[in-house]
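# Inside the fold
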Amino acid sequence: MSRAALLAGFADRDPENPVLLCDLLDELLGAGRLDDAMARIGKVSTLLRETPGVRFREARCALLRGDAKTAISLLQALLGQMDIAPAGVVHDLAYAQLSEGHAEEALQTLAHTHDADGDDVALALLKARVLYRLQRLDAALETLAPIQSGARLPEVQGVRALLWLDIGDTARASEQAELALRADPDQHEAGLVRGTVALWSQRVQEATAAFEHVLAKHPHSGRAWLGLGQSVMLGGDVPAARSLLERAAVDMPDHIGTWHALAWCQLLEGDLAGAKHSFDKAFALDRTFGETHGGFALVHALRSERKEAEESIKRAMRLDPQGRAARYAQSVLLMDEGRADEARKLVEGILARSPGVGNVPADFIFKLRELVRPRG
């Protein structure tokens, strides 16, 4: 007889015993039997279901089925009933809040933890991820600094690697990522770092392999879809890259860089309406990002909307004097005036200052203009 069956027998003989029910639910959830756990909760009395232990496990069921809102409602009610909340309640509530995009609330929830309570590593990792979402990268690294050993060290190293990458220290990022991947070849964040560093160095095959490996284990990793799409675009297959970046936008709709990468694929295919839609998505996330206004300028310029293009160029240059898209828009306007040599020099200057853009030919903006302009 399985342990779950044994516990089910005990719970059936003493149906109002919360300890027995919680032990059974833990066993079912540990075995991945979510439907059985939910069915068992649905059958118990209202009084038993409202006990803290059962409510906590009901919230965990909600989290496992992707219903963060229900989990938050259940766990917030529990937290309000407790003078000292167990670490599991705090962790799961903060995790659910982060899943819903409420990072500040998650950080406030984590303040309810106590030093000697629960799994310190799990709480530290969650706090670091919350701080990462808030772009408090140094604070996130500080949170993970005390952890130097243990079963979850590869995960800690992977998160550290991603933090160092976003700080701009690729050497430390790669070092931490490779340490993590030696212990756990499927570690998510470390795989992202390995792929991104290869992408930035234009090692297309290596980057592609790294992101594909991540996605084999983490199919909803928006950042891996983004990296794979950028790698494929760098390799020259724009239609395939567009498909991958559209997939990235599904899992990472609040990431400006994803919408910009997708917009460039759409531009290179001559789809100005699609590019405008993607830049609109980016604009909705941050109205002060210069490259988004530069993207608008380029779309206007390619549509021969000179006045609108000039206005967008001014806004883009004010927000980001080094922005590329606005200068591409300027080059289109120069071509419209018959000043092709000046336009070419402007584009060549952009590419010389931005080698990481990829192997883009200097005449790409000329070809793009020819692609989208109606023929007379």
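As shown above, the structure is provided for reference.
Because the structure is a prediction, the values reported are computed rather than measured.

Take the overall build of the protein chain next. The helix and strand tally for the protein chain stands at 23 helices and 0 strands. Judged by the C-alpha coordinates and their principal axes, the protein chain covers about 90 × 40 × 40 Å. Counting across all 376 residues of the protein chain, residues that qualify as buried make up 47%. Total accessible area computed for the protein chain in this model is approximately 18800 Å², and 51% of it derives from carbon and sulfur atoms. Computing the positive centroid from 44 side-chain charges and the negative centroid from 53, the protein chain places the two 5 Å apart.

You can see H300 is positioned in helix 19 (residues 290-302). Take H300: its relative accessible area is 15%, and that puts it in the buried class. Within polar-contact distance, the side chain of H300 engages the side chain of E305 at 2.6 Å.

Right, let's get into the packing of aromatic side chains. Evaluation of the coordinates by the stated rule reveals 3 aromatic pairs. For the ring pair F283 and F296, a centre distance of 5.8 Å and an interplane angle of 65° mean the geometry is edge-to-face. Linking F283 in helix 18 (residues 272-285) with F296 in helix 19, this pair joins segments that are 13 residues apart in sequence. Given a relative accessible area of 21%, F283 falls into the partly exposed group.

Ranked by size, the top nonpolar core spans 51 residues in total, and within it A71, L75, L110, V130, L144, L163 and V193 carry the most contacts. Those residues in contact with V130 that sit more than four places away from it in its chain are L98, A103, A106, L107 and L110. Counting residues in each nonpolar core, the second largest holds 31 residues, with L272, F296, I350 and F366 among its members.

Bringing the environment of L215 into the picture now. Tracing the backbone through its elements, the reader meets L215 in helix 14 (residues 204-217). With 206 residues separating them along the chain, L215 and G9 place their C-alpha atoms 41 Å apart.

Look at helix 14: 21 Å from first C-alpha to last across 14 residues, which is about the 20 Å you get at 1.5 Å a residue. Within helix 14, burial applies to A207, T208, A210, F211, V214 and L215. Around the axis of helix 14, the buried residues are gathered within 165° of arc, so they sit on the same side. In helix 14, the exposed residues that point more than 90 degrees away from the buried face are Q205, A216 and K217.

Here we come to the state of the cysteines. Among covalent bonds in proteins, the disulfide is the one between the sulfur atoms of two cysteines. According to the stated counting rule, one finds 0 disulfides in the structure shown. With no disulfide of its own, C61 lies 11 Å from the sulfur of C22, the closest cysteine sulfur.

This part is about the pattern of salt bridges. Evaluated as defined, the whole model comprises 27 salt bridges. For E27, the salt bridge is made with R3, and the minimal N-O distance between the two is 3.2 Å. Separated by 24 residues along the polypeptide, E27 in helix 2 (residues 18-30) and R3 in helix 1 (residues 3-13) bring together distant segments of the chain. In this structure, the salt-bridge partner of E189 is R129, at a minimum N-O distance of 2.7 Å. Linking E189 in helix 13 (residues 188-200) with R129 in helix 9 (residues 120-133), this pair joins segments that are 60 residues apart in sequence. Overall, the relative accessible area of 9% leaves E189 in the buried class.

Rules of the game
Residues numbered from 1 in each chain as written. Predicted model: local features only at pLDDT ≥ 70, side-chain atom pairs only at ≥ 80, totals over all residues. Heavy atoms only, no water. Helix = DSSP H or I, 4+ residues; strand = E, 2+ residues; numbered from the N terminus. Buried < 20%, exposed > 50% of the residue type's maximum accessible area, 1.4 Å probe, protein only. Areas by Shrake-Rupley, 256 points an atom, 1.4 Å probe, with all protein chains shown as cover. Lys, Arg positive; Asp, Glu negative; His and termini not counted. Charge placed at Lys NZ, Arg CZ, Asp CG, Glu CD. Polar contact = N/O pair within 3.5 Å; in protein donor to acceptor, adjacent residues only side chain to side chain. Phe/Tyr/Trp six-rings, centres within 6.5 Å; stacked < 30°, edge-to-face > 60°. Core = buried A, V, L, I, M, F, W, Y, C linked by side-chain atoms within 4.5 Å. Contact = heavy atoms within 4.5 Å. Expected span 1.5 Å × (residues − 1). Arc of directions from axis to C-beta. Disulfide = S-S within 2.5 Å. Salt bridge = Lys/Arg side-chain N within 4 Å of Asp/Glu carboxyl O.

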